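A look at the structure
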Amino acid sequence: MPQSLELAIKTSSLTKQFGSQKAVSSIDLSVPKGSVFGFLGPNGSGKTTTIRMILGLAAASKGEIELLGHPIPKELEHALPKVGALVEGPAFYPYMSGRNNLIRIDSADRNSTASTRKKRVDAALERVGLTNAAKKKVHAYSLGMKQRLGLANALLKPREILILDEPTNGLDPQGTREVRNLIRSLAAEGITIFVSSHLLSEIEQLCSHLAVMTAGKIVAQGSLAELRNESQTRLVLKADRIDELVDLLKTQGLTKLSLKPDRVVVPVPSDFDVASLNQLLVKKKFMVSEIRLEQPSLEEYFVNLTGEGFEVVR
Amino acid sequence: MFAKSLSLSLMLSELRVMFTRRRTWAMLAAIALIPILLAVAVALTSDQLAPGEGPPFLDRVTQNGLFTGFTATLLALPLFLPLTMAVVAGDTIAGEASLGTLRYLLIAPVGRLRLLVVKYLGTIVFALAGTFTLMLAGGIIGAILFPIGPVTLLSGDQISLAESIGRMALVAVYTAISMSGLLAIGLFVSTLTTVPVGAMAATVVLAGVSQILDNLPQLSWLHEWLFTHYWLSFADLLRQPIELGSFASNSLLQLGYIAVFGALAYSRFTTKDILS
Ligand SMILES: Nc1ncnc2c1ncn2[C@@H]1O[C@H](COP(=O)(O)OP(=O)(O)O)[C@@H](O)[C@H]1O
Ligand SMILES: [Mg+2]
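Quick caveat, the model's predicted, so the values are computed rather than measured. (Residues numbered from 1 in each chain as written. Chains lettered and ligands numbered in written order. Predicted model: local features only at pLDDT ≥ 70, side-chain atom pairs only at ≥ 80, totals over all residues. Heavy atoms only, no water.)

1. With respect to empty space enclosed by the protein
Overall, the coordinates contain 2 cavities of 30 Å³ or more when judged by the stated rule. Roughly 120 Å³ of volume is contained in the largest cavity. As for the largest cavity, its lining consists of 15 residues, of which A:Ile105, A:Asn153, A:Arg159, B:Ile107 and B:Ala108 are closest to the centre. Taken together, the elements giving at least two residues each to the lining of the largest cavity come down to strand 7 (83-86), helix 4 (98-108) and helix 6 (143-154) of chain A. Counting residues per element, the lining of the largest cavity draws most heavily on strand 7 of chain A, at 3 residues. Its residues assigned to classes, the lining of the largest cavity comprises 10 nonpolar, 2 polar and 3 charged. Elements with a contribution of two residues or more to the lining of the second largest cavity: strand 10 (209-214) and helix 12 (298-306) of chain A. A total of 3 residues in the lining of the second largest cavity trace back to one element, the largest contributor, which is helix 12 of chain A. The residue inventory of the lining of the second largest cavity, partitioned by class, reads 8 nonpolar, no polar and no charged. (1 Å grid on protein atoms, 1.4 Å probe; cavity = no way out; pocket = protein on both sides within 12 Å on 5 of 7 lines; lining within 4 Å. Points joined across faces, edges and corners; volume = space filled by probe spheres on them. Helix = DSSP H or I, 4+ residues; strand = E, 2+ residues; numbered from the N terminus. Nonpolar A, V, L, I, M, F, W, Y, C, P; charged D, E, K, R; others polar.)

2. Remarks on the site of ligand 1
Close to ligand 1 lie 13 residues; A:Gln21, A:Gly44, A:Lys47, A:Thr48 and A:Thr49 are nearest. In this structure ligand 1 sits where residues from chains A and B come together. Separating an oxygen atom of ligand 1 from a backbone N or O atom of A:Lys47 is a distance of 2.8 Å. Summarising the interface, the protein chains cover 67% of the accessible area of ligand 1, which totals 570 Å² for the free molecule. Elements with a contribution of two residues or more to the shell around ligand 1: strand 2 (21-27) and helix 2 (47-54) of chain A. Ranked by residues supplied to the shell around ligand 1, first place goes to helix 2 of chain A with 3 residues. (Near = heavy atom within 4 Å. Polar contact = N/O pair within 3.5 Å; in protein donor to acceptor, adjacent residues only side chain to side chain. Areas by Shrake-Rupley, 256 points an atom, 1.4 Å probe, with all protein chains shown as cover.)

3. Some remarks on the packing of helix 5 (residues 80-99) of chain B against helix 8 (residues 161-190) of chain B
All names here are of chain B. Look at helix 5 against helix 8: their axes get within 8 Å of each other, and the N-to-C directions meet at 35°. Helix 5 and helix 8 meet at a crossing whose hand is right-handed. Together, Leu81, Pro82, Met85, Ala89, Gly90, Asp91, Thr92, Ile93 and Ala94 of helix 5 and Thr175, Met179, Leu182, Leu183, Gly186, Leu187 and Ser190 of helix 8 make up the contact between the two elements. (Axes fitted to C-alpha atoms, helices over the stretch in contact; angles between N-to-C directions. Left-handed = near helix turned anticlockwise from the far one by under 90°. Contact = heavy atoms within 4.5 Å.)

4. What about the packing of helix 2 (residues 22-45) of chain B against helix 5 of chain B?
The angle between the axes and the distance between the axes are what describe a pair of packed helices. Residues and elements named next belong to chain B. Helix 5 packs onto helix 2 with a crossing angle of 170° between their chain directions and a minimal axis gap of 10 Å. What the angle tells us is that helix 2 and helix 5 run roughly antiparallel. Each of Arg23, Met27, Ala30, Ile31 and Ile34 in helix 2 lies in contact with helix 5, whose residues at this interface are Phe80, Leu81, Thr84, Val87, Val88 and Asp91. (Parallel < 35°, antiparallel > 145°, perpendicular 65-115°, else oblique.)

5. Side note on the pattern of salt bridges
The full count for this structure, using the stated rule, is 24 salt bridges over all chains. One salt bridge in this structure joins A:Asp106 and A:Arg120, with 2.9 Å as the shortest N-O distance. Of this pair, A:Asp106 sits in helix 4 while A:Arg120 sits in helix 5 (residues 117-127), and the two are 14 residues apart along the sequence. With respect to class, A:Asp106 is no different from A:Arg120; both count as buried. Measuring nitrogen to oxygen at the nearest pair gives 2.8 Å for the salt bridge that ties B:Glu96 to B:Lys119. (Salt bridge = Lys/Arg side-chain N within 4 Å of Asp/Glu carboxyl O. Buried < 20%, exposed > 50% of the residue type's maximum accessible area, 1.4 Å probe, protein only.)

6. Some points on the environment of A:Met53
Residues and elements named next belong to chain A. Residue position: Met53 is located in helix 2. Among the residues examined, Met53 registers a relative accessible area of 1% and is labelled buried. In this structure, the C-alpha to C-alpha distance between Met53 and Pro73, residues 20 residues apart in sequence, is 8.6 Å. If we skip the residues at most four places from it in the chain, Met53 touches Leu14, Thr15, Lys16, Val24, Ala58, Ala59, Ala60, Ile65 and Ile72.

7. What about the interface of chain B and chain A?
Listed per partner, the contact involves 30 residues of chain B and 34 residues of chain A. For the pairing of chain B and chain A, the buried interface totals around 2800 Å² over both sides, and the portion due to carbon and sulfur atoms is 58%. Three residues stand out in chain B for area buried against chain A, namely B:Tyr104, B:Ile107 and B:Pro109, and they jointly supply 24% of the buried area on that side. Where chain B meets chain A, there are 3 salt bridges. The salt bridge involving B:Glu14 is made with A:Arg104; its shortest N-O contact spans 3.0 Å. Counting across the interface, chain B meets chain A through 19 residue pairs in polar contact (both at pLDDT 80 or more). The set of elements that each furnish at least two residues to the side of chain B that touches chain A consists of helix 1 (2-20), helix 5, helix 6 (101-106) and helix 7 (112-145) of chain B. (Buried area = accessible area lost by both parts, 1.4 Å probe.)

In structure tokens:
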């Protein structure tokens, strides 16, 4: 128990089956309190379905969920007031103003105080920069404005965790930057942020932790540092007399090397001693033009795990 | 008490959403149009109408304008009134689901049972608004086009102007109660789909089917269980002394429908995956 109290979200063997298809397949998420947790995966990998189960919108086919220490769905009503969320894009009554939409959703929450409602709504609108459009009907909003209004809805009350499903979808680069800044400032207040995205570049600079999902399964999870370590370090070597070089490397136990036209690439431990190898090569009179260790970028790691391109996996 | 007042704020919010929609006002305006068209048509042709021709009470409209509302209720009951009820009831859950606002209400958190109850009460308010609009428009246009005064009832007795206004209100309430079973059916159907138009259509079809069954003599054993069975019996309220038997039977029957379809809606909605 004490361990799970440190976690804002914890799932074990969480599974969701749609007919014969497993949209989410036995995932174990551990989202530490206070983290900015990136939930990364291509379209259709099961991110939104997972979020729906965590928020009690859909029942799990199998497995357990704890949200802020509350078992879900049993104690859903205790957990939800502490959660702000954006799920599968914003949704509002188009024939009502942005402000009245927020008042409507806040009125639905039996735990919220009516006397502070207007103040809280205005503060939330201010925070996402919608004060000037507050009186406009939502059908006149751009997608970006709706996305902001969705964020404002998540911020109507002080929250312990924000669950944001692709919050930068449909935003221009400027809007994306603003949302990132907003998330940063919220994280600085100590709020746990669980943010999904299908683009690593959108959230990489933001996250302290990451889980990578593909075809319903989690293929990697941990702090950013842990994940960087998991990706294999490589030694890149450029020198003359390639055949002799290969033989020499083999004597050093570096056998899994791959030959590129102008260089040799070998996977090595991350604490590999480049200097000693270099000394050895110089002693053997190799003309070394390049020798270095290379860490694949997270992007490359992500692509390796999930496959590349726009293809929907299923 | 505290919890109650908080639900009141949700109830008010529900009504605000309903009455912000232009569609709600358009339907109320259309309802008001029924007695107006009726009265105008009667006024233009009153010299050609033989007593007893046309729908019941029609010939009385010219003698007393206050009958316009009753006659209009009779005309609106088979199709038009149930149609507007089906629109509102079919929209309750399915409409929120199709907008996507349902998921945001649920994570607010609104509580599924609480939402269902408030949604249903909202449709009842609309039913009252509809039947009173019909009566009010009928009374006003009747007063403009025809003489009004003490009303001669179906039983031949006369009641005062004040009492006849009381009877108009009673008929409006009776008709709203008549709609309450249908509204519960519509609420249940609305939990089955995310396409509001589908729920509306299914609900209005059920109202039609029930009326057809009520007209098949072979099924007479079934008639008193049909939610449309007592719809036209509001005429009993226009007798002297007033006959409240059908009011009681109708209320009991509608309560039964509310219990059954309310329970179905509850069991369906509280276990449903919200995937829209
Ligand atoms: N209501 C549904 N019925 C059947 N399959 C669904 C439903 N919703 C989602 N899916 C399937 O579940 C998988 C995961 O979808 P989703 O969670 O929306 O992915 P993501 O949010 O990562 O893009 C997809 O293959 C999708 O087709
Ligand atoms: Mg998604």
